[in-house]
Amino acid sequence: MFKRLQLQLTALCSAVTGALLLILTLICLFIAEKNQQESRYNSFLSEASSILAHLEQQDVVSLPWINQLREKNGCEFVIYDNGRPLFSQCLTSPEKQLGGELIASAIETARNGYALDLFFDNGSTLPRHAEFLLSAGGAGCYVSAAVIPKTNGILSVLIFYDLTAARRAVTAQRLSFAAADFGVLLLLVAFFYLFTGRMLHPLAENNRRQTHFVASASHELRTPLAVILSGAEALEKCESAEKKLHFGLLIRQEGRRMQRLLSDMLLLAGSDANSLSLCPARCQPDELLLAAYEKYELLAADKQISLSMRLPEDDFADIYCDGDRILQLLSILLDNALSYTPSGGSVTLALDVDTNAALTIFRVIDTGCGISAEEKPHIFDRFYRTEHSRTDKEHFGLGLCIAKELAEAHRGKIFVTDNPGGGACFSVTLKNNTAAKPKF
């Protein structure tokens, strides 16, 4: 599902970005080609004016000069002296270079479009000329047609500037822009694919965790429900008061177990929805530690486990937290330590202070079976239980997960290390209330 969504988002983002890129490219090409066209035309006008001015001043037109202009400007010339082509038999005829139709079209365009008859002498002493674009013949050409009066008649001139090379340059420019756009589009597709993948990864992970959570919760709820239903059926059939009391007690125990599981699940659901309720206030960490100690003192004594408390010798600062939630966190860690510590073992509640980092550290240290290196990365996962607790019906594998959620809700951290004397040491670090109050 998320893979398909990733592909759809990639296609959508790429299509929108590609369309915008294409529009911008077309705009840039239009402006660039328009400027290039104006620059070419202005350059042609300047060259044509210079050539016509030279022809007006000179009485003799030399072949080397014409060839030099051809090589320099890429122009072709057709010159008539009183209607006769100004070329000897040794020169290449302009009709062979340009084509007779192109020359005829230029003469006709000048006559009909600009009222400039190249072969009519109106007796004026002023030169007449017209410049225009002639689209006939390939890519077209710019043409300058002029009539220059001379003492012995008129000099008719046609200057052709072929646009084939310019059109090729425009085509090459368009192809380069298209190749650049295609390369950029490929990079955008790759970027959007990776970006949408990273964006959807938390959703996919959350969906996976939610599916796993629902499946695990259903599995955990199935056992007490089955016990309650079977106990209810047996309660209806049995006649002995002692058995009725037994089955009633069994149903009550499993009901409380289900209530505890549902309460834990609701807390985790609130954490997932960022709606975990906290009531922060200034708290003294030693009082929280003492409250947790008093809560589990009798239980530890019943299990013949030594429960002790250790406070730092140096002064410690208050912390800004939800005292009930921190007490709940410590209770989870203590209940976990007492469950996996054998009789004759010990559990220590410790309070440490890191003045350099402004941290208050709660520790719960036990001398139990410990946690293997393979299990440590998973002990805070939901419904995860170590091999030592597979048959323990009192724990669902949610306690340490809830402890982690409570620690992170207070902008703190929780982690586990090995106890040098055997067992495990759970540490919870919280920021001291030395500056502004943290936001919950």
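Above this text sits the structure in question.
None of the values given here were measured: they were computed from a predicted structure. As a convention, each chain's residues are numbered from 1 in the sequence order in which they are written. This being a predicted model, a pLDDT of at least 70 is required before a residue's local features are given, and a value of 80 or more before pairs of side-chain atoms are given or counted; all residues contribute to the totals for chains, interfaces and linings. Computation of side-chain values covers all heavy atoms of the structure but excludes hydrogens and water.

Colleague: So what exactly am I meant to see when it comes to the sheet that holds strand S9 (residues 346-354) here?
Modeller: For sheets, the rule is that strands pair by backbone hydrogen bonds, running either parallel or antiparallel. Paired strands are those between which DSSP finds at least two bridges. Helix and strand definitions here come from DSSP, where helices need a minimum of 4 consecutive H or I residues and strands a minimum of 2 consecutive E residues; each element is numbered from the N-terminal end. Strand order across the open sheet formed by five strands is S7-S9-S10-S12-S11, with mixed pairing between neighbours. Pairing within the sheet leaves two strands with one partner each, and these edge strands are strand S7 (306-310) and strand S11 (413-418). Ignoring strand direction, the axes of neighbouring strands in this sheet form an average angle of 15°. Note: S9 against strand S10 (residues 359-366), eight bridges, orientation antiparallel. Looking at the pairing, Val347 lines up with Asp366 of S10. Any two residues having at least one pair of non-hydrogen atoms within 4.5 Å are treated as being in contact. Each axis is a line fitted through C-alpha atoms, and for a helix only the stretch in contact is used; angles between axes span 0 to 180 degrees, taken between their N-to-C directions. The strands touched by helix H7 (residues 285-302) within the sheet are S7, S9 and S10, with S7 carrying the most contacts at an inclination of about 170°. Relative to S11, helix H9 (residues 399-409) is tilted by about 130°, and along the sheet it contacts S11 and strand S12 (424-431).

Colleague: How should I be thinking about the environment of Leu102 in this particular structure?
Modeller: If you trace the backbone, Leu102 turns up in helix H4 (residues 100-114). The class of Leu102 is buried, set by a relative accessible area of 15%. Along the primary structure Leu102 and Gly140 are separated by 38 residues, whereas in three dimensions their C-alpha atoms are 9.7 Å apart. Classification of residues uses two cut-offs on accessible area relative to the type maximum, computed with a 1.4 Å probe and protein chains only: under 20% is buried, over 50% is exposed, and between them is partly exposed.

Colleague: Teacher, can you tell me more about the pairing of strand S5 (residues 153-162) here?
Modeller: Two faces belong to every sheet, and in a regular strand the side chains alternate between them. Across the ten residues of S5, eight count as buried, placing the element largely inside the fold. With ten bridges joining them, strand S4 (residues 141-150) and S5 adopt antiparallel strand pairing. Across the sheet, residue Cys141 finds its bridge partner in S5, namely Asp162. Linking S4 to S5, which pair antiparallel, is a turn of two residues.

Colleague: Sorry, what's going on with the nonpolar core here?
Modeller: The nonpolar side chains of a soluble globular protein tend to be buried with one another. Leu333, Leu334, Val347, Phe362, Phe426 and Val428 are the most contacted members of the largest nonpolar core, which totals 41 residues. Sort the elements by how many residues they give to this core and helix H8 (residues 323-339) lands first, with eight residues. Ranked by size, the runner-up nonpolar core spans 19 residues in total, among them Tyr80, Leu116, Cys141 and Phe160. Residues enter a nonpolar core if they are buried and are Ala, Val, Leu, Ile, Met, Phe, Trp, Tyr or Cys, with the set joined through side-chain atoms within 4.5 Å.

Colleague: I'm lost on the pattern of salt bridges in this one. Help?
Modeller: Where charged atoms of side chains with opposite charge meet at close range, the side chains can pair. Basic side-chain nitrogens of Lys or Arg form a salt bridge, by our definition, when they fall within 4 Å of a carboxyl oxygen of Asp or Glu. Within this structure, the stated rule accounts for six salt bridges. Put simply, Arg282 and Asp318 hold a salt bridge, and the shortest N to O gap is 4.0 Å. Here Arg282, found in strand S6 (residues 281-283), pairs with Asp318, found in the loop between S7 and strand S8 (319-321); they are 36 residues apart in sequence, far enough to count as distant. For Arg282, a relative accessible area of 55% translates into the label exposed.

Colleague: Which parts of the structure should I look at to understand the packing of aromatic side chains?
Modeller: The description of an aromatic ring pair uses the distance of the two centres, along with the angle that the planes make with each other. Stacked, tilted and edge-to-face are the three classes applied to pairs of Phe, Tyr and Trp rings, where Trp contributes its six-membered ring and a pair requires centres within 6.5 Å; stacked means planes under 30 degrees apart, edge-to-face means over 60, and tilted covers the rest. Per the stated rule, a full pass over the model turns up ten aromatic pairs. Through successive ring pairs, a cluster of aromatic residues spans Tyr41, Phe44, Tyr142 and Tyr161.

Limitation: the analysis is restricted to geometry and does not speak to function.
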